Amino acid sequence: MADTSQTIRNFYTAAAAADFSRDFLFRVGALRTPRLVLGEEELIYVRTAALPGRDIGNVDVKYMGLSFNTPGGVTYPNSGSYNLEFYCDQGSQLRERLMQESRDVFDDATSVGSYNTPGPDSYIVLYQLDKQLVPVTQYTLYGVSIRNVGEISYEIADGTGNYKTFSATFAYHYFTNELPADATSVPSPFPNLQ
């Protein structure tokens, strides 16, 4: 008999109880800066996005030839380049709104812009969803500002009529993550991990 409870049958039991997150159970709920507000009618065009990560730095403390690994400060990997990929609407209105936001941050025609440090009123809200499209976790990225509006490549000679996409890249300072208020009343499928 195995010395571990991580067997095929126990995996099956755990998977049946907790199931799996699926690659489409995710939504961008809001994107807001002082000059740009994207609601659900625009954000339904988000094709791909990712939940951000968080790193605790390592501090190497040496004593008598040994190294002790102690936790240090926090960083947010890729916080300077958070990418959203959008479907391009026929009139390219969504892309042009993002392009205007980019020009509002810095306009090379006038050499001025609103390139101040963004505050907590500039944010992106992300939702992980269950199969009924109810949020199971909410992530809020704070201090959001635009960095890039990507190009769109057209295939005039060889085109097939396929849809087009473009990406927009944002920077943020930090994020918070929280469970919905009623999530604490739901029993965990992993009782040993509470």
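Definitions and limits used
Residues numbered from 1 in each chain as written. Predicted model: local features only at pLDDT ≥ 70, side-chain atom pairs only at ≥ 80, totals over all residues. Heavy atoms only, no water. Helix = DSSP H or I, 4+ residues; strand = E, 2+ residues; numbered from the N terminus. Rg over C-alpha atoms; globule rule 2.2 N^0.38 Å. Buried < 20%, exposed > 50% of the residue type's maximum accessible area, 1.4 Å probe, protein only. Contact = heavy atoms within 4.5 Å. Areas by Shrake-Rupley, 256 points an atom, 1.4 Å probe, with all protein chains shown as cover. Expected span 1.5 Å × (residues − 1). Arc of directions from axis to C-beta. Pairing = 2+ DSSP bridges. Salt bridge = Lys/Arg side-chain N within 4 Å of Asp/Glu carboxyl O.

So, the overall build of the chain: which residues are in play, and what are the values?
From N to C terminus, the chain includes three helices and eleven strands. When its helices and strands are written in sequence order, the chain yields α-β-β-α-β-β-β-β-α-β-β-β-β-β. For the chain, the C-alpha radius of gyration of 22 Å lies well beyond 16 Å, the compact-globule estimate for 194 residues. For the chain, the spread of C-alpha atoms along the principal axes amounts to about 70 × 50 × 40 Å. Within the chain, the proportion of its 194 residues that are buried is 28%. For the chain, restricting intrachain contacts to residue pairs at least 6 apart in sequence, the fraction spanning at least 24 positions comes to 65%. Here the chain displays about 13500 Å² of accessible surface, and carbon together with sulfur accounts for 52% of that area.

Go over the environment of Gln90 with me, naming the residues and quoting the values.
Following the sequence through the fold, Gln90 ends up in the loop between β6 (82-87) and α3 (93-105). Of the residues examined, Gln90 reaches a relative accessible area of 85% and is grouped as exposed. Along the backbone, Gln90 and Tyr163 are 73 residues apart, and their C-alpha atoms lie at a distance of 9.2 Å.

Outline α3, supporting the account with residue identities and numerical values.
Look at α3: 19 Å from first C-alpha to last across 13 residues, which is about the 18 Å you get at 1.5 Å a residue. The complete set of buried residues in α3 reads Leu94, Arg95, Leu98, Glu101 and Val105. Taken end-on, α3 shows its buried residues confined to a sector of 115 degrees, consistent with a single buried face. Elements in contact with the buried residues of α3: β2 (37-38), α2 (40-43), β6, β9 (145-149) and β10 (165-171).

Explain the sheet that holds β2 to me, using residue names and the numbers behind them.
Spatial strand order, β2-β1-β7-β8-β11: five strands in an open sheet with antiparallel pairing. For this open sheet the edge positions go to β2 and β11 (174-178), each flanked by a neighbour on one side alone. With five bridges joining them, strand β8 (residues 135-142) and β11 adopt antiparallel strand pairing. For Thr140, the partnering residue across the bridge sits in β11 and is Thr176.

So what about the pairing of β10? Which residues, and what values?
In terms of burial, β10 is a largely internal element, five of the seven residues being buried. In the sheet, β6 pairs with β10 via six bridges, with the strands oriented antiparallel. From the neighbouring strand, Phe86 faces β10, where its bridge partner is Phe166. Where β9 lies against β10, four bridges are found, and the strand directions are antiparallel. When the sheet's bridge partners are listed, Ser145 is paired in β10 with Ala171.

How would you explain the pairing of strand β5 (residues 66-75) if you had to name every residue and give the values?
In the sheet, strand β4 (residues 55-63) pairs with β5 via eight bridges, with the strands oriented antiparallel. Directly across from Val59, in β5, lies its bridge partner Thr70. Taken together, β4 and the strand that follows it, β5, pair antiparallel across an intervening segment of two residues, in which Met64 is found at a positive phi of about 50 degrees.

For the pattern of salt bridges, give the residues involved together with the corresponding values.
Considering all chains together, one arrives at eight salt bridges under this definition. Between Glu42 and Arg97 there is a salt bridge, with its nearest N and O atoms 2.7 Å apart. Remark: Arg97 occurs in helix α3 and Glu42 occurs in helix α2; sequence separation between them is 55 residues. Between Arg47 and Glu85 there is a salt bridge; the shortest N-O distance is 3.3 Å. Residue Arg47 is found in strand β3 (residues 46-48), and its partner Glu85 is found in strand β6; the two are separated by 38 residues along the sequence. One salt-bridge network, in which partners are shared between bridges, spans Asp19, Arg22 and Lys131.

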